[in-house]
Amino acid sequence: MSTQSAQSSRTSTEWTQVDDKTRRRILAHTPELMVVEVEFAPGGVGATHTHPHVQATYVREGTFDFVVSGEPITITDGDSIVVPSNEWHGCETATGGTLIDVFTPAREDFLPGT
C-alpha cells in the first residue's frame, strides 16, 4: 500500500534526533495534516509544551505517562489520545516505545529547512 496520493506528499524518512533518548521522522504530510513517528528510549521525555495544532497520538508500543492540561493519563500499546489545540501536554516513558502522532494542520516547524 502506498502512502502517496495525488494530493499528498511523502517526505524523507530521515530521522531527526530530538535529544539523547528521542528521535522522530515524518512519515507523510500535506499542509493540512502530518503523520510523525516518534521513538523513545527507556526514560525518554517529551517536554511539556503547547502548539496550535490538534494532535492525535497512537501508542504503537510501550507505556507512556502523559499530562494533558494538568491531568495525568497513562496509555499503552494500541491506546490513543487527542490533545486539543493550545493545551499544555508532555509525556515520559520508563519502558521506551513508539508513538505515531498526527497533527492538523501540519507542523511546519518539523519540516526540513525550517
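Here we summarise the structure given alongside this text. (Residues numbered from 1 in each chain as written. Predicted model: local features only at pLDDT ≥ 70, side-chain atom pairs only at ≥ 80, totals over all residues. Heavy atoms only, no water.)

**Here we look at the pattern of salt bridges**
The condition is simple: Salt bridge, as used here: a side-chain nitrogen of Lys or Arg that lies within 4 Å of a carboxyl oxygen of Asp or Glu. Relative accessibility thresholds used throughout: buried, under 20% of the residue-type maximum; exposed, over 50%; partly exposed, between the two (1.4 Å probe, protein chains only).
What the rule picks out here adds up to four salt bridges. A salt bridge links Arg 107 to Asp 109, with the shortest nitrogen-to-oxygen separation between them at 2.6 Å. Overall, Asp 109 belongs to the partly exposed group, its relative accessible area being 45%. When salt bridges that share partners are traced, they join Arg 25, Glu 37 and Arg 60 into one network.

**Details of the nonpolar core**
If you look at soluble globular proteins, the nonpolar side chains tend to sit buried side by side. The test is simple: Nonpolar cores were defined as sets of buried Ala, Val, Leu, Ile, Met, Phe, Trp, Tyr and Cys residues, with membership established by side-chain atoms within 4.5 Å. The helix and strand labels rest on DSSP assignments: H or I over at least four residues marks a helix, E over at least two residues marks a strand, and numbering proceeds from the N terminus. Residue contacts are defined here by distance: any two heavy atoms, one from each residue, within 4.5 Å place the two residues in contact.
By size, the foremost hydrophobic cluster in this structure holds 17 residues, and its most contacted members are Val 36, Phe 64, Phe 66 and Leu 99. Only β3 (33-40), β5 (54-68), β7 (80-83) and β9 (97-104) provide two or more residues apiece to this core. Apart from residues no more than four positions distant in its own chain, Phe 66 is found in contact with Thr 57, Glu 71, Pro 72, Ile 73, Ile 75, Ile 81, Gly 90, Cys 91 and Leu 99.

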